Amino acid sequence: MKLLVVFCHPCAESYVAAVRDAALRGLAQAGHDVRVLDLYAMAFDPVMSGDERRGYHDKGSNEAPVVEHLAHLRWCEGLIFIYPTWWYGPPAMLKGWLERVWVPHATFTMPDNGKPIGPVLTHIRLLAVISTLGSPWWWWKLFMKEPGRRILLRGLKMLCAPRCRTMWIALHRLDEISDAKRRRFLTKVEKKMARLKG
């Protein structure tokens, strides 16, 4: 598959960067065609300007500020997000990427005559998230209701292929687990990506 990895962490030496590297090793083993968007390394601006917001619904011209990112979305058949979960959701940088890049007409159709928004990126047939969380799984799932997961694997799924597959791989209690558990998670990520089918 043609896979776009969207990576979001400000520190090059972070554990999440090691998770990214493990994922990329697995994807290479599987023979996928991979592109990586490292949002911090490329100094992506997550802030939508006033002019950008005013033209947000203008078909065609609303693509101009993010044309390169849209080209990547139109190229890929699968999206893999790798990031730390902060305050129960994706980092502000990644949330800003979603808000600025996933613009009307290019990534979804606008509501019309009572119809809800509709998909445009129907060539995307896989959405995957690999994330680290400080919270225990039960707190995240039962009390918080998985907000970050719902944004990416439910919200975005509606804009992709009708039978788009989803995958969630998470490491909970990151701040208190042992180094051995961290290493095991890296191995798990690499193996899962190596088994990823087209």
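Conventions used here
- Residues numbered from 1 in each chain as written.
- Predicted model: local features only at pLDDT ≥ 70, side-chain atom pairs only at ≥ 80, totals over all residues.
- Heavy atoms only, no water.
- Pairing = 2+ DSSP bridges.
- Helix = DSSP H or I, 4+ residues; strand = E, 2+ residues; numbered from the N terminus.
- Axes fitted to C-alpha atoms, helices over the stretch in contact; angles between N-to-C directions.
- 1 Å grid on protein atoms, 1.4 Å probe; cavity = no way out; pocket = protein on both sides within 12 Å on 5 of 7 lines; lining within 4 Å.
- Points joined across faces, edges and corners; volume = space filled by probe spheres on them.
- Nonpolar A, V, L, I, M, F, W, Y, C, P; charged D, E, K, R; others polar.
- Patch = residues over 30% accessible without salt bridge, like charges linked within 9 Å, V, L, I, M, F, W, Y side chains within 5 Å.
- Areas by Shrake-Rupley, 256 points an atom, 1.4 Å probe, with all protein chains shown as cover.
- Salt bridge = Lys/Arg side-chain N within 4 Å of Asp/Glu carboxyl O.
- Contact = heavy atoms within 4.5 Å.

Participant: So what's going on with the sheet that holds strand β2 (residues 33-38)? Residues and values would help.
Facilitator: Pairing is parallel in the open sheet, where five strands are placed in the order β2-β1-β3-β6-β7. Where the open sheet ends on each side, the last strands, each with one partner, are β2 and β7 (165-171). Within this sheet the neighbouring strands show an average axis-to-axis angle of 15°, counted without direction. Of the pairings in the sheet, the one linking strand β3 (residues 78-84) to strand β6 (residues 126-132) comprises seven bridges and is parallel in character. Within β6, the position partnered with I82 by the bridge is I130.

Participant: So, the layout of surface pockets: which residues are in play, and what are the values?
Facilitator: Volume-wise, the largest pocket comes out at about 160 Å³. For the largest pocket, the full set of lining residues is K95, L98, E99, W102, F108, I151, G155, L156 and L159. Contributions of two or more residues to the lining of the largest pocket are made by α4 (92-101) and α6 (147-155). Residue contributions to the lining of the largest pocket peak at three residues, all from α4. For the lining of the largest pocket, the class distribution of residues is six nonpolar, one polar and two charged.

Participant: Requested: an account of a nonpolar patch on the surface, with residues and values cited.
Facilitator: On the surface, W137, W138, W139, L142 and F143 cluster together to form a nonpolar patch covering roughly 560 Å² of accessible area. Mapped onto the elements of the fold, L142 is located in helix α5 (residues 137-143).

Participant: So what about the environment of D33? Which residues, and what values?
Facilitator: Its location among the elements puts D33 in strand β2. In this structure, the C-alpha to C-alpha distance between D33 and L3, residues 30 residues apart in sequence, is 6.1 Å. Once residues lying within four places of it in the same chain are set aside, the contact partners of D33 are M1, K2, L3 and W75.

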